[in-house]
Amino acid sequence: MSFYGIEEAKIREYARLVVCTGVNVQPGQEVIIRCPVEYYEFGHLLIEEAYKAGAAEVLMRWNDTFDSRQYYLYASEEALCNVPEWKAESYNYYSRRGAAYISIAGGDPEAFKGVDPKRMQMNEAAMDKALETHYKLMMASEIPWTVAAVPQKKWAAKVFPELPEAEAMKRLWELILKAVRIGDNDAVKEWEKHDTFLKSKCRMLNDYAFEKLHYKNSIGTDFTVGLAKGHIWEGGSETAGTGTVFEANMPTEEIFTMPDSRVAEGTLVSALPLSYRGNLIRNFSLTFHEGQVVDYSAQEGYETLKSLLETDEGSKRLGEVAIVPYTSPISQMKTLFYNTLFDENASCHFALGECYPTTVAGGAAMSEEELKAVGGNSSINHVDFMVGTADLCITGIREDGTETVIFENGDWV
Ligand code: ZN
Ligand code: ZN
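Keep in mind that this is a model prediction, so the values were computed, not measured. (Residues numbered from 1 in each chain as written. Chains lettered and ligands numbered in written order. Predicted model: local features only at pLDDT ≥ 70, side-chain atom pairs only at ≥ 80, totals over all residues. Heavy atoms only, no water.)

Caption draft 1: How the structure looks around the sheet that holds strand β4 (residues 145–149). Spatially, β2-β1-β3-β4 is the arrangement adopted by the 4 strands of the open sheet, whose pairing is parallel. Each end of this open sheet is capped by a strand with a single partner; those strands are β2 (57–63) and β4. With direction set aside, neighbouring strand axes in the sheet form an average angle of 15°. Across the face of the sheet, helix α2 (residues 40–52) comes into contact with β1 (30–36), β2 and β3 (100–105) while running at roughly 165° to β2. (Pairing = 2+ DSSP bridges. Helix = DSSP H or I, 4+ residues; strand = E, 2+ residues; numbered from the N terminus. Axes fitted to C-alpha atoms, helices over the stretch in contact; angles between N-to-C directions. Contact = heavy atoms within 4.5 Å.)

Caption draft 2: Representation of the coordination of the zinc ion (ligand 1) within the structure. The protein atoms that coordinate the zinc ion (ligand 1) are E254 (OE), E320 (OE), E344 (OE) and H349 (NE2), at distances of 2.0 to 2.6 Å. Between the 4 donor atoms coordinating the zinc ion (ligand 1), the angles at the centre fall across 77 to 169°, so the site counts as irregular. Each donor residue of the zinc ion (ligand 1) belongs to the same chain, with the gaps between them written as E-x65-E-x23-E-x4-H. The distance between the zinc ion (ligand 1) and the zinc ion (ligand 2) comes to 3.2 Å, with E320 serving as a donor to both metals. Here the residue E254 occupies a position in the loop between β9 (245–246) and β10 (255–257), and E320 occupies one in strand β15 (residues 318–323), the gap between them amounting to 66 residues. Just as E254 is buried, E320 falls in that class too. (Donors = N, O, S within 2.8 Å, 3.2 Å for Na, K, Ca; no water. Tetrahedral: all angles 85-135°; square planar, octahedral: opposite > 155°, others 65-115°. Buried < 20%, exposed > 50% of the residue type's maximum accessible area, 1.4 Å probe, protein only.)

Caption draft 3: Structural detail: the packing of aromatic side chains. All told, the structure shown has 21 aromatic pairs when counted by the stated rule. An angle of 15° between the planes, with centres 4.7 Å apart, marks the rings of Y208 and F210 as stacked. The buried category is assigned to F210, whose relative accessible area is 2%. Ring geometry for Y296 against Y302: centres 5.4 Å apart, planes inclined by 20°, an arrangement best described as stacked. For the cation-ring pair, R61 lies above Y91, with the distance from its terminal atom to the ring centre recorded as 4.1 Å. (Phe/Tyr/Trp six-rings, centres within 6.5 Å; stacked < 30°, edge-to-face > 60°. Lys NZ or Arg CZ within 6 Å of the ring centre and 35° of its normal.)

Caption draft 4: Local environment of the state of the cysteines. On inspection of all chains with the given rule, the structure shows 0 disulfides. With no disulfide of its own, C20 lies 17 Å from the sulfur of C35, the closest cysteine sulfur. Take C20: its relative accessible area is 35%, and that puts it in the partly exposed class. Of all cysteine sulfurs in the structure, the one in C202 sits closest to C355, which takes part in no disulfide; the separation is 17 Å. (Disulfide = S-S within 2.5 Å.)

Caption draft 5: Representation of the coordination of the zinc ion (ligand 2). Protein-derived ligands of the zinc ion (ligand 2) are E320 (OE), H382 (NE2), D384 (OD) and D384 (OD), with the metal-ligand distances lying across 2.0 to 2.6 Å. The coordination sphere of the zinc ion (ligand 2) comprises 4 donor atoms, whose angles at the metal cover 54 to 141°; the geometry is irregular. For the zinc ion (ligand 2), the single-chain donor residues occur in sequence as E-x61-H-x1-D.

Right, dumping it as structure tokens:
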């Protein structure tokens, strides 16, 4: 097998970690895997480990960015806008049955460069509607799901343009394994320890119950965001409707909560480029008033940013506030990954679009109107963008106006 000189036992340990700690497959459960066909060897390990964990059936959905690119470029508009029932049901059906969803990322960060964003948006809107049951259950953490990554050639070349292909792949494998805590120690135990740390930070911020957070740094961020009343800080493991504990992202270094999507004032300046729908947006800034983006700029990818913001009403508002120390292990790799799963875990970030209902008290059981009433945002988008720098300062403001600095020079005080 081609693991570029990485010990196969380590790669298998990673596959087992994704299956057992990631979605925590239970005996008799159905498992849906999305894996890039380019790295079928890893997909095969996942299938094997999922069956070993007791999966009733493993459904592999090989995906291929070449195929997707041709589809976005050439499929008829009718095809883009109409999701066949069988396709939608193949997601909704298994979600209703409580299946576990594993998604393997790591494709070319610029796979869809040059594709008309409107065509992608059309398809996304249609998918969102047709797969509503699936997405709802996922966003509310009713079903276990996880996103992890494997290196792929174009991604590796983007991250390490100076290295020959095989070396770039090896280097990226090493960083991914390190980021998911696979090394000399038992990775499962390492994840438990890490989870305890993240949960302690959540408890601290939940006790403060701030009304607002103020962000400031030297690249131009000066921004205040309201937090939803009754917001809950979450991080690390989550509990699915069936009671099983799972990790939605591997790696994960963030703790996050629900902003009040009606309260945001000032300017956020990006700290890292953003890869959105296979296009890069660089050096951008967003200015908010009354919770909404009212002005924006980008040195590169302006049209992509524009199409993101104009997707729907909720795309101009925030759905997630996340804190990640600048000293996090991924940040310390001093590597720009051009992949949100990694970059978001290297830097404080926000998300434009859909909120996580679980990040407000009683949110999972709320209707869309009830969520809206507490400041929850709704959109077909949920796009993280990074704002954390080495000099970022975050001050928490309570309802009575008292202030506490929680973050200084990019790290917990
Ligand atoms: Zn996040
Ligand atoms: Zn997010």
